[in-house]
Amino acid sequence: MGDLRLRPDSSSLLWYHLAAFLTVSAWGVSFVATKVLLDHGLYPTEVYIFRTILAYLLTLAVCHKKLMANSLRDEFLFLVCGLCAGSLYFIAENTALEYTLVSNVSLIVTLAPLLTTLLLGAIYKSERPGRWVWIGSAIAFIGVGFVIFNTSFAMNIKPLGDLLALSAALSWAVYSLVLRKLSAFYTVMVITRKTFFYGLLTAIPFYLEQPAHSSLSVFASWDVSLNFLFLGVFCSMLAFLLWAWCVQGLGAITTNNYLYFQPVVTLIASALLLGEVVTLIGYTGCALILIGVFVSDRLGGKKM
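Residues numbered from 1 in each chain as written. Predicted model: local features only at pLDDT ≥ 70, side-chain atom pairs only at ≥ 80, totals over all residues. Heavy atoms only, no water.

A. Region of interest: the overall build of the chain. Summing up its helical and strand segments, the chain has twelve helices and zero strands in all. In sequence order, the chain lays out its α and β elements as α-α-α-α-α-α-α-α-α-α-α-α. Looking at the chain as a whole, 55% of its 304 residues qualify as buried. Relative to all contacts within the chain whose residues are 6 or more apart in sequence, the contacts with residues 24 or more apart total 90%. (Helix = DSSP H or I, 4+ residues; strand = E, 2+ residues; numbered from the N terminus. Buried < 20%, exposed > 50% of the residue type's maximum accessible area, 1.4 Å probe, protein only. Contact = heavy atoms within 4.5 Å.)

This is the structure in structure tokens:
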């Protein structure tokens, strides 16, 4: 089954690539922002729910004319988007940060592009990615490893947190494939708004399962309020809008390859905000990621 969207021209491609990079940059810094909220006593589910409520209300304010999908089938696909890119992904990722190292989570979550490639090739036999896409993805993934091991070659393995991070990566890969189908028939505003809605809806059982709930007085702290606004406005609303737009123009595989930049941004943010030292290993990883994305996009030939 081929794409129903038109191939963008070269000038449009530049904007798609820039938007993908800016989106992943925001998500890279979001690790630091999320950690701040967790350190102030918020639960992982609360972090997701609070930021998504803000993002949903902002999106609903500017996109409220088309509330229902064109069919029950599409409505179900939006539910899958909300589950896979919302509640399951973020709650699993946020919870993983409590059980394992941030470096472990960053590395495992960036498996999403490779998992997307595998799933796409398995579902659409005629659209299996070419050799250069695999080579580029492998180079970029090695670069991710260098970035994660910036300060040490030792990784503290904690199975529960790592399995949660892996489930988050798989969840995002499923979302990417569903988003690919929906983007041919719906605007990015509609897709984003409904993803937020179903993400909140499917997060309710997780929230009710918590033994206790945080006091809203925690938002009196400037650290909490500013990081919350950053997560809700930039990392949720604007980032998801841009991401859906990029998938329409670049395709699932090319867009997801930009996720390899996420640990690079996290590395830089850690150096600037936390005073961590960037070593030669870190710089080498950054270079490998750039090379890998270039190889996959430019030499991979066919856009998915």
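B. View of the packing of aromatic side chains. Taken as a whole, this structure holds 21 aromatic pairs when the rule is applied. Here a set of aromatic residues connected by ring pairs shows up, and it is made of Trp27, Tyr48, Tyr89, Phe90, Trp172, Tyr175, Phe196, Phe240 and Trp243. The ring of Phe90 has Arg51 lying over it, and the distance from NZ or CZ to the ring centre is 4.5 Å. A cation sits over an aromatic face here: Lys194 above Phe78, 5.5 Å from the ring centre. (Phe/Tyr/Trp six-rings, centres within 6.5 Å; stacked < 30°, edge-to-face > 60°. Lys NZ or Arg CZ within 6 Å of the ring centre and 35° of its normal.)

C. Inspection of the nonpolar core at higher detail. Judged by nonpolar contacts, the single largest core of 77 residues is most densely connected at Trp27, Phe78, Trp172, Tyr175, Leu182, Phe240 and Trp243. Apart from the residues lying within four places of it in its own chain, the contact partners of Trp27 are Trp172, Cys235, Ala239, Phe240, Trp243, Leu259 and Gln262. Core analysis: the next-biggest nonpolar cluster, separate from the first, contains five residues, Leu120, Tyr124, Leu177 and Ile253 among them. (Core = buried A, V, L, I, M, F, W, Y, C linked by side-chain atoms within 4.5 Å.)

D. Broad picture of a nonpolar patch on the surface. Residues Trp15, Leu18, Phe21, Leu22, Leu242 and Trp245 make up a contiguous nonpolar surface patch of about 570 Å² in total accessible area. When contributions to the nonpolar patch are tallied by element, the ones reaching two or more residues are helix 1 (10-39) and helix 9 (222-250). With four residues, the top contributor of residues to the nonpolar patch is helix 1. Mapping Phe21 onto the fold places it in helix 1. (Patch = residues over 30% accessible without salt bridge, like charges linked within 9 Å, V, L, I, M, F, W, Y side chains within 5 Å. Areas by Shrake-Rupley, 256 points an atom, 1.4 Å probe, with all protein chains shown as cover. Salt bridge = Lys/Arg side-chain N within 4 Å of Asp/Glu carboxyl O.)

E. Spotlight on helix 5 (residues 112-123). End to end, helix 5 covers 16 Å across twelve residues, agreeing with the expected 16 Å (1.5 Å per residue, within 8%). Along helix 5, the residues classified as buried are Ala112, Pro113, Leu114, Thr116, Thr117, Leu120 and Gly121. (Expected span 1.5 Å × (residues − 1).)

F. The arrangement of the environment of Ala244 in detail. Looking at where Ala244 falls in the secondary structure, it is placed in helix 9. For Ala244, a relative accessible area of 1% gives the class buried. In the structure, Ala244 is positioned 65 residues away from Leu179 in sequence and 7.3 Å away in space, judged by C-alpha atoms. Ignoring any residue separated from it by four or fewer positions in sequence, one finds Ala244 in contact with Leu179, Val188 and Thr192.

G. Layout of the pattern of salt bridges. Applying the stated rule across the entire model yields two salt bridges. For Arg73, the salt bridge is made with Asp74, and the minimal N-O distance between the two is 3.3 Å.

H. Layout of helix 3 (residues 72-99). The first and last C-alpha atoms of helix 3 sit 38 Å apart over 28 residues, in line with the 40 Å expected at 1.5 Å per residue. The largest bend in helix 3 comes to about 40°, at Leu83. Across the 28 residues of helix 3, 20 count as buried, placing the element largely inside the fold. (Bend = angle between axes of the 7 residues up to and from the residue.)

I. Geometry of the confidence of the model for the chain. Per-residue confidence for the chain averages 81 on the pLDDT scale, and 85% of its residues sit at or above 70. Averaged pLDDT values for the elements of the chain fall to 72 in helix 4 (residues 102-109) and rise to 91 in helix 8 (residues 188-208). When the criterion is pLDDT under 50, residues 1-6 qualifies, and its contacts beyond four places in sequence or with other chains add up to 15 contacts. (pLDDT = per-residue confidence, 0-100.)

J. Geometry of the packing of helix 2 (residues 44-62) against helix 8. Contact geometry for helix 2 and helix 8: axes closest at 9 Å, N-to-C directions at 150°. It follows that helix 2 is roughly antiparallel to helix 8 by the angle criterion. Relative to helix 8, helix 2 is oriented so that their crossing is left-handed. Listed contacts from helix 8 to Thr45, Glu46, Tyr48, Ile49, Thr52, Ile53, Ala55, Tyr56, Thr59, Leu60 and Val62 of helix 2 are Met189, Arg193, Phe196, Phe197, Gly199, Leu200, Ala203, Phe206 and Tyr207. Considering only residue class, the contact of helix 2 with helix 8 consists of 14 nonpolar, four polar and two charged. (Axes fitted to C-alpha atoms, helices over the stretch in contact; angles between N-to-C directions. Parallel < 35°, antiparallel > 145°, perpendicular 65-115°, else oblique. Left-handed = near helix turned anticlockwise from the far one by under 90°. Nonpolar A, V, L, I, M, F, W, Y, C, P; charged D, E, K, R; others polar.)

K. Structural view of the packing of helix 2 against helix 3. Where helix 2 meets helix 3, the closest approach of the two axes is 8 Å, and the angle between their N-to-C directions is 140°. When the interaxial angle is binned, helix 2 and helix 3 end up oblique. In this structure, helix 2 meets helix 3 at a crossing whose hand is right-handed. Every residue of helix 3 that contacts helix 2 at Pro44, Thr45, Val47, Tyr48 and Arg51 is listed here: Gly82, Gly86, Ser87, Phe90, Ile91, Asn94, Thr95 and Glu98.

L. Up close: the environment of Ala184. Along the chain, the position of Ala184 falls in the loop between helix 7 (159-182) and helix 8. Placed 64 residues apart in sequence, Ala184 and Gln248 show a C-alpha to C-alpha distance of 7.3 Å.

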